[in-house]
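So the chains spell out like this:
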Amino acid sequence: QVDGVQNMSPKRPSAFVADVVPAPPCSAPVQYVSRSCSITTGESSSVGRHRQSQAKINASRQAFFGASLKFLPVAHKTPQVAYHAVVQATADTGIPVEPRPIRLIQHKKEAFWFYRFLSLIYDDFINPFHWTEEMRDESLKIARLENLPSNAVVVDVGGGTGFCTQGVVKYARPEQVTILDQSPHQLAQAKKKPELAACKKIEGDAEDLPFETDSCDRYTSAGSIEYWPEPQRGIAEAYRVLKPGGFATIIGPVRPTNPFSKFWADLWMLFPTEEEYIRWYKAAGFTDIQIKYITPKAYRGIRSHGLIMGLTICGRKPVAGLPKIKLGPKSEKTVQEGDADSSLFSKLLFLPRFLLGVAAGAYYAILPLFVIAYAKLFLKKSPVYEVKNIE
């Protein structure tokens with residue numbers, strides 16, 4: 001424990017990581033992704049060389065822009081592409097899990113440095129336009145936090161400055177709550193809040209949680225999924241650590257429909273669709289899924305430009321054990337764990353990637369001013385916090 005922040009090693013059983021995961025059936029050659037290599041069968045050596053050559057070109061483009069390209073049915077060493085091959089595997093539920101493009105700040109290293117500076121202004125200048133107390137409290141109404149037993153364990157993953165945790169401790173005693181975040185700078189802000197003084201604060205990875213399987217009663221996460229390189233893995237981890245009957249609640253962005261805003265959103269970070277949230281939850285094994293739509297009051301219902309906080313999803317873990325979906329090793333390490341890719345090429349690309357990603361994020365810092373002005377001048381509609389039961 002250093003300065004009130006605990007570092008804990010992961011407790012995940014090794015059985016959770018699948019050594020070999022087959023891609024879904026298709027007309028293309030069969031491919032398997034393992035810890036050490038990928039194997040493509042059923043094609044001639046000349047065709048294979050051509051595909052590998054094309055893959056190298058695409059991988060170079062992808063190294064800068066993220067995995068916005070389609071999945072490449074060829075073997076190579078880019079961790080992001082290996083991840084996309086893995087998540088195309090079909091979960092035990094029979095639900096196909098499709099690859100999702102990785103944006104410029106949808107990486108652990110980039111997110112770490114992004115919040116190194118954003119943590120200083122997050123609560124005072126970001127939340128009032130995107131993530132208000134009213135939105136937080138409305139979101140947590142479906143998190144099943146009422147009447148928790150005195151020995152219940154609640155984890156707030158990607159808890160950051162503790163803004164969401166401040167809503168959680170209205171239901172649970174602070175001693176029951178653990179705040180986890182990969183950013184020590186965010187946790188430093190949480191430590192300043194008196195109502196969170198008794199909460200445990202842990203540096204950790206949302207995609208590799210340092211908790212035993214079937215050990216937590218409730219899981220919450222707000223404003224974190226957009227930075228997960230592998231959102232399916234993070235949701236699978238939420239499932240793993242919950243006890244049977246426990247609930248996981250994630251609050252995050254929604255994808256814009258406006259083409260101009262969609263361009264900046266795609267350049268910046270992950271803005272999932274409602275269907276993706278549902279698919280990730282079902283693939284992990286969650287049942288009794290509910291969705292709640294949230295919007296800043298000043299927006300008066302405008303959602304076409306996307307929302308940094310626009311959707312809450314909650315699901316129940318029905319049985320003990322591991323998630324239904326089986327994934328390979330994670331594609332990215334945290335800054336504390338060391339760079340997953342320490343090549344010179346990767347290091348040289350980091351700064352321009354980071355700066356371009358920050359510039360894309362700046363669009364969403366300015367956008368609320370125009371949305372609020374338009375809403376005030378032309379709209380009278382107020383937001384409706386609609387709840388939808390999926391199954």
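Residues numbered from 1 in each chain as written. Predicted model: local features only at pLDDT ≥ 70, side-chain atom pairs only at ≥ 80, totals over all residues. Heavy atoms only, no water.

A. Spotlight on the overall build of the protein. Of the regular secondary structure elements, the protein holds 11 helices and 12 strands. When the 391 residues of the protein are sorted by exposure, 53% land in the buried category. (Helix = DSSP H or I, 4+ residues; strand = E, 2+ residues; numbered from the N terminus. Buried < 20%, exposed > 50% of the residue type's maximum accessible area, 1.4 Å probe, protein only.)

B. Quick look at the side chain of Thr249. Tracing the sequence through the fold places Thr249 in strand 9 (residues 242-254). Classification of Thr249 by relative accessible area gives buried; the value is 0%. In this structure, Thr249 is in contact with Ile142, Ala143, Tyr219, Thr220, Ser221, Tyr281, Thr312, Ile313 and Cys314, ignoring residues within four places of it in sequence. (Contact = heavy atoms within 4.5 Å.)

C. Main features of unusual backbone geometry. Phi is positive for Arg144, which is not a glycine, with a value near 55°. Mapped onto the fold, Arg144 is located in the loop between helix 5 (133-140) and strand 5 (154-157). Given the relative accessible area of 26%, Arg144 is considered partly exposed.

D. Looking closely at the pattern of salt bridges. Within this structure, the stated rule accounts for 19 salt bridges. In this structure, Arg353 and Glu110 form a salt bridge, with 3.4 Å as the shortest nitrogen-oxygen distance. Of this pair, Arg353 sits in helix 11 (residues 344-378) while Glu110 is found in helix 3 (residues 108-118), placing the two residues 243 residues apart along the sequence. Considered together, Arg353 and Glu110 belong to a single accessibility category, that of buried residues. A salt bridge links Lys330 to Asp208; the nearest nitrogen and oxygen atoms lie 3.4 Å apart. Here Lys330 is found in the loop between strand 11 (307-316) and helix 11, whereas its partner Asp208 is found in the loop between strand 7 (200-203) and strand 8 (216-222), with 122 residues between them in sequence. Three or more residues are tied together by salt bridges with common partners; here these are Lys108, Asp205, Glu207, Asp208 and Lys330. (Salt bridge = Lys/Arg side-chain N within 4 Å of Asp/Glu carboxyl O.)

E. Layout of the confidence of the model for the protein. Considering every residue of the protein, the mean pLDDT works out to 79; 72% of them sit at 70 or more. Here residues 1-10 is modelled with pLDDT under 50, and outside its nearest four sequence neighbours on either side it reaches 18 contacts, counting other chains as well. Of the regions scoring below 50 in pLDDT, residues 12-47 engages in 72 contacts with residues more than four places distant in sequence or in other chains. (pLDDT = per-residue confidence, 0-100.)

F. View of the packing of helix 9 (residues 259-268) against helix 11. Close contact between helix 9 and helix 11 brings their axes to 8 Å; oriented N to C, the two are set at 135°. When the axes of helix 9 and helix 11 are compared, the pair comes out oblique. As helix 9 packs across helix 11, the resulting crossing turns out to be left-handed. Facing helix 9, whose interface residues are Phe260, Ser261, Trp264, Ala265, Leu267 and Trp268, helix 11 presents Leu356, Gly357, Ala359, Ala360, Gly361, Tyr363, Tyr364 and Leu367. In terms of residue class, the contact of helix 9 with helix 11 is made up of 11 nonpolar, 3 polar and no charged. (Axes fitted to C-alpha atoms, helices over the stretch in contact; angles between N-to-C directions. Parallel < 35°, antiparallel > 145°, perpendicular 65-115°, else oblique. Left-handed = near helix turned anticlockwise from the far one by under 90°. Nonpolar A, V, L, I, M, F, W, Y, C, P; charged D, E, K, R; others polar.)

G. Structural detail: the nonpolar core. Formed by 81 residues in total, the largest nonpolar core has its most connected members in Trp131, Tyr219, Ile235, Ile250, Trp268, Phe286 and Ile313. When residues in this core are grouped by element, the largest group, 8 residues, is from helix 11. Other than its neighbours up to four places away in sequence, Trp268 contacts Arg103, Leu104, Ile105, Gln106, Phe114, Tyr227, Ile308, Gly357, Ala360, Gly361 and Tyr364. (Core = buried A, V, L, I, M, F, W, Y, C linked by side-chain atoms within 4.5 Å.)

H. A look at helix 11. Helix length check: helix 11, at 35 residues, gives a terminal C-alpha distance of 52 Å against a target of 51 Å (1.5 Å per residue), a fit within 8%. Within helix 11, the axis deviates most sharply at Phe350, by approximately 30°, and proline Pro352 lies no more than four positions further along. (Expected span 1.5 Å × (residues − 1). Bend = angle between axes of the 7 residues up to and from the residue.)

I. Spotlight on helix 8 (residues 231-241). When you tally the buried positions in helix 8, you get 11 out of 11 residues, the bulk of the element. The complete set of buried residues in helix 8 reads Pro231, Gln232, Arg233, Gly234, Ile235, Ala236, Glu237, Ala238, Tyr239, Arg240 and Val241.

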